[in-house]
Structures are given as structure tokens and as C-alpha cells.
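Close look at the chain arrangement
Now for the letters of each chain:
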Amino acid sequence: MTVEQPPTAQKFRSPTTEAPVVRLLLIGVAVFCMGLFFVLPMAVVFVEAFARGVWPYLANFVDPEVVASIQLTLLVAAITVPLNALFGISAAWAIAKFSFPGKTLLVTLIDLPFSVSPVVAGLIYVLLYGVNGVFGPWLVAHGIGIIFAVPGIVLATIFVTFPFVARELIPLMQEQGVGDEEAALSLGASGLSTFLHTTLPNIRWALLYGVLLCNARAMGEFGAVSVVSGHLRGLTTTMPLQIEMSYNEYNFVGAFATATLLGALALVTLAIKTLLETRYGDEIAGARRV
Amino acid sequence: MSQLTLGWQSLGRRHVVPGFRLSLGFTIFYLSLIVLIPLAALVARAAGLGLSEIWEILSTPRVVAALRVSFVTSLLAAVFNVPIGVLVAWVLGRYNFYGRRLLDAMVDLPFALPTAVAGISLSALYAENGWVGALFAPFGIKIAYTPLGIWVALVFIGLPFVVRSVQPVLAEVDSELEEAAATLGASRWRTFRRVVAPIILPAILTGFALALARGIGEYGSVIFIAGNIPFVSEIAPLLIVTKLSEFDYAGATVIAVAMLGISFLLLAFINLLQLWTLRRFGHDG
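Per chain, the residues get numbers from 1 upward, laid out in the order the sequence is written. The lettering of chains begins at A and the numbering of ligands begins at 1, in the order of writing. Where local features are concerned, this predicted model is filtered to residues with pLDDT of at least 70; where side-chain atom pairs are given and counted, the filter is 80 or more; whole-chain, interface and lining totals use all residues.

**Topic: the overall build of chain B**
- The helix count covers DSSP runs of H or I at least four residues long, the strand count covers runs of E at least two residues long, and both are numbered beginning at the N terminus. Within chain B one finds 14 helices and zero strands.
- Listed by position from the N terminus, the elements making up chain B come as α-α-α-α-α-α-α-α-α-α-α-α-α-α.
- The dimensions of chain B, computed from C-alpha atoms along their principal axes, are 70 × 65 × 35 Å.
- A total of 285 residues make up chain B; the buried ones form 45% of that total.
- The contact criterion used here is simple: two residues whose C-beta atoms, placed from the backbone, lie within 7 Å are in contact. Relative to all contacts within chain B whose residues are 6 or more apart in sequence, the contacts with residues 24 or more apart total 76%. Exposure classes come from backbone-placed C-beta atoms, where a residue is buried if 20 or more other C-beta atoms lie within 10 Å of its own, exposed if 12 or fewer do, and partly exposed in between.

As C-alpha cells, then:
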């Protein structure tokens, strides 16, 4: 919005912007706040992780418990993200391509997990599948463990990451309508072929965007997982839980060393997210919504 | 009524685009399995206790204190985030400066950074020997392991909600309105107060409510820095975890339902606000 001013108008200031001093001051305050609240916490993770040098940092990743927690985190994300992506595509397809009663309610219900505290998200599965839960006695009788076991961690993670893909795809596919699909179908393409060759290319960047955010949260979820995990060493501890256990044992280097991996994940996620927004902003309808 | 019947007919009608029953069927099945049935089980469990027992649990001093700590610290954090969030949104949207894109990307850090990582790094920073905590320690101000620490964590978690709510609305403010205000002799500050602020107010309130709702439920980033002393710095989500570890399922359930109630009230408030904005200004807040 910078307009070239003729040389004589050098002193002229647009009536809809602030004096340079005010501008500098506001930018300064914003940068200071962001630095204090966002840059310092990020920096301290790496500084603390290397506080005793490189070797203690690296030694953390030889610890079998830490290795197991990394493996479990990857496993949980590998199950959660595809399932929620499939759900997101399915929900967006039904909501965007057809009209049916109760659609608004359905969209609201899909967003519901975002307004539930992570701890409550864990609690609801304990009440269902825990030893004292609704299905508890049956599960115990059949020797199936969900709570304090990996299935519970997966369920809780699916809950907290539930809306991520759906909420990116729904507004975009609603905007796109059914024109492209109808054209493909009328030219003789099958339903599946229409989806793969017409719909998917239209939504790929938004899908990737949703998957990216879903993955970041799935790998980093703490509260919900903490309630259902039982903190069994090397068995049901994901990376965030491993960080908590190291920290509570005063193994600060270990805690921050594990945290650097998740911190790096967050930075990579933000970088790809920004790249997608800059390059394919038009194809990501929900990009600017909270 | 006729519209509703017409609507239901579409369930049986054949569409040109295939996959309606499959996609809607899977959507409703998955939603019920993961979200609706477990939440219903929670509410049913609380309802099974009866009103008197629910009241008895909710009026326990420790529960009242935890709910109050959660609500008050979240409220104060959200209030603080409003001016800072509007300022950041303003700077990002109005000014061109070196590093603006980086700053813009960084706003989403609390969304991307796992809460446990935020928790340990904030408590390291704001502890008495931490980089920031050491600046306050000589004045006798302790931040980490006090309610002030909870507030710091909630400011961190809530700021992006305000920025991201205000940013798109601020970008849409018609510059002609500001020009008109300027020609009528209004200063920039007055233009902001009287022209811009009323337009972005619904977005500010939305961001405020979102930050508040998130703050009340927040767990991971808070428990490391909070100190977790009952009656002083124990938040409601932590009390749920404590009750669960003591096998007090009734207690945990009742607090959880109370928290759900608070979030739904806030959610309803946001929806009403957006409806009101749509009517008044003809655009989405």
C-alpha cells in the first residue's frame, strides 16, 4: 500500500497511517512482546538441552525409555492422522456436496472436541473403558486393555485432533461446489475416478495443511494422553509424557533434549504452514481461521 | 415444516454425485464412536449422581478454589491478551517492516508447540534463577510456582486466538472510513477509537472468548509452572487428574461436567456474537 510520493510531498504523511515515531514504537512493542512470550521459550529449550554439552544431550537418545517413547509417538501419529484425514474427507464430502437436514448441527458437533479440555477428553475414555467404566468388566473378562495401554492413547489422541482435517476441507469444498464432479461424471468417469482425479487435486493443499496441523497436535498431545496412559515406563509413555517424567526426576537435560525434537517439529510445522499459506493461500480456504 | 420434509426426501433421492450414504454414514458413525457416545457417557454418569450429590461435590472448598483459580487466571490472561493481540494484529496488518513475515508465522507457535514443551520452558524461564524470573526476583516478585506463573502460561496459550481473530477483520476495514474521519479532523487515535474499534469489536470479543475457553481447559503448559498448591495454584483440570488418581470417579466427573458447561456457555456466546455481527455489519466476525 505504499504510494510513490512526488519529491515536493516528502513531508506529507498519509492521513490513514501513524507518524513514523508511533509506528516504530508500536512495532517495537509488538516485537518485544513476541520475543518475550514466543522467542525466549523456544530458545530456552535448546539452551537447556545443551547446558552440559553435546554428549549428555546425545546420551539421552540412547536411553531405551526415550527411544520407546519416540517409537510410540510415531506409532500413535501413524494411526491417528490417516484415520482423521479419512474422516475429514468423508465429512467434507457429505457436507459440501449434498444438502440434508441437520447439516449445521453436524458441523458444530465436528468442532466440539476443540472446546473440550484435554483432561476431560482423557476422562471420558476412562469412564467408558476403564476398570470401573461402562465396558470395564467385559474388557477385563476378555483380557483386553484399552486404558493404561496403547489403544487408549490412540483414542484420546484421535479425540483431540478430531476436527483438524475436516474444518480445513469443509469450507473449501463448499466453496468449490459440485460443478467439477458433475462434469467428470457426465463425461463417463466412475465415482472413484472422479474423486481421485477431480476432487483430490482440488483439495490437496488444504488436505496437506489439515494433516500437518493434525500431526503436530497428535505428536504433542499431553493432557488427554496423560490421563489414559498410566505412565508405564517404556510401554505407554509418549514423548510429551517422557519429557514430564524426566523433568519430575530432575533430569532437566534429558527433559529438554527430548523437548528439542518436539520443538523442532513445531518449527518445521510452522515453516511448511507458512509456505503453504503463501504459495497456495487461495486453495486453503480455512487458512486464516482460528 | 414443508422444508424439513423436502430435506428428508433428499436422503432417499438419487444424486448425480455418488457416495452420499457412504460418506454421511461413516461421518456419523465415526463422530458417534469417538465424540458423541463418550461425551454422553460422561453426562449420563454425572446425571446418575443426582443433584444433591453434584452440589455437594461442587461446593467442596477445594473444588470451588480450583474452579476459581482456573477461571480468574484465564480471565486475567484473556483481558491482558486483548490489547497486546490487537496491537500485534495491527502491526502485522498495517506496517511493512523487516521480519514481518517471520513475526506473522511466529504468532501460531503456541498452536504448534506441544504444551509439555511450553510448560517446562516457561517454568525454566520464569523460575527465580531463570532468564526472566531473575529480573523480578530482586523485587521479591516470584512468578513460577505461583498463580502469576499460571497467568504467564495462559497469556502464552491465548495470544494467538486474539491476533488471529482480529487480523482478517482488521484487513477488511474500509480505508475510506478512516480517510473520512481524517478529513473531518479526527486524530489517528480518535479514528481508531471511534471508527476502527467498533468494527473490530466483535472479532476482539470472539478472540477473547476463545482465549478464555482455551485457558480454562488448559493443562500441559500450566502444571509445570503452577506449583499446584491446593487452594492457591491448583487448576480445575489438575484436580480432575488428582481425583482420578484417588479413584474418586464421581468427583472427577462432576468437575468435568462443570467445565464442559462453562465452555459451552462461552461457545454459545461466540455463536450469538457472530450472528449479531452478520446482522449488523453483513460480514462474518
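So much for the structure itself; the text now carries on.
**Side note on the overall build of chain A**
- Helix and strand counts for chain A come out as 13 helices and zero strands.
- In chain A, the order of α-helices and β-strands from amino to carboxyl end is α-α-α-α-α-α-α-α-α-α-α-α-α.
- Over its C-alpha trace chain A gives a radius of gyration of 24 Å, far above what one expects of a compact globule, namely 19 Å for 290 residues.
- In terms of its C-alpha atoms, chain A occupies a principal-axis envelope of roughly 85 × 65 × 30 Å.
- Buried residues in chain A amount to 44% of all 290 residues.
- Sequence separation of 24 or more characterises 74% of the internal contacts of chain A that already satisfy a separation of 6 or more. Atoms counted for the radius of gyration: C-alpha only. Globule rule: 2.2 Å times the number of residues to the power 0.38.

**Focus on the domain arrangement of chain A**
Residues and elements named next belong to chain A.
- An automatic or database domain assignment provides the domain bounds reported here. As assigned here, chain A comprises domain 1 (16–49) and domain 2 (54–288).
- Spacing between the C-alpha centres of domain 1 and domain 2 amounts to 31 Å.
- Listed per partner, the contact involves five residues of domain 1 and eight residues of domain 2.
- Per-class residue counts for the side of domain 1 that touches domain 2 are four nonpolar, no polar and one charged. The nonpolar class holds Ala, Val, Leu, Ile, Met, Phe, Trp, Tyr, Cys and Pro. Asp, Glu, Lys and Arg form the charged class, and all remaining residues, Gly among them, are polar.

**Here we look at the interface of chain B and chain A**
- With 82 residues of chain B at the interface, the matching set in chain A holds 77 residues.
- Here the side of chain B that touches chain A takes 15 residues from helix 2 (residues 20–47) of chain B, the largest share from any one element.
- Here the residues of the side of chain B that touches chain A are counted per class, giving 61 nonpolar, 15 polar and six charged.

**Some points on the environment of Arg280(B)**
- For Arg280(B), the location among the structural elements is in helix 14 (residues 249–281).
- Considering only alpha carbons, one finds Arg280(B) and Gly99(B), 181 residues apart in sequence, at a separation of 36 Å.

**A word on the environment of Thr237(A)**
Residues and elements named next belong to chain A.
- In this fold, Thr237 is placed in the loop between helix 11 (223–229) and helix 12 (239–248).
- Using a count of 25 C-beta atoms within 10 Å as the deciding quantity, one classes Thr237 as buried.
- Measuring from C-alpha to C-alpha, the distance between Thr237 and Ser69 comes to 5.4 Å, with 168 residues separating the pair along the chain.

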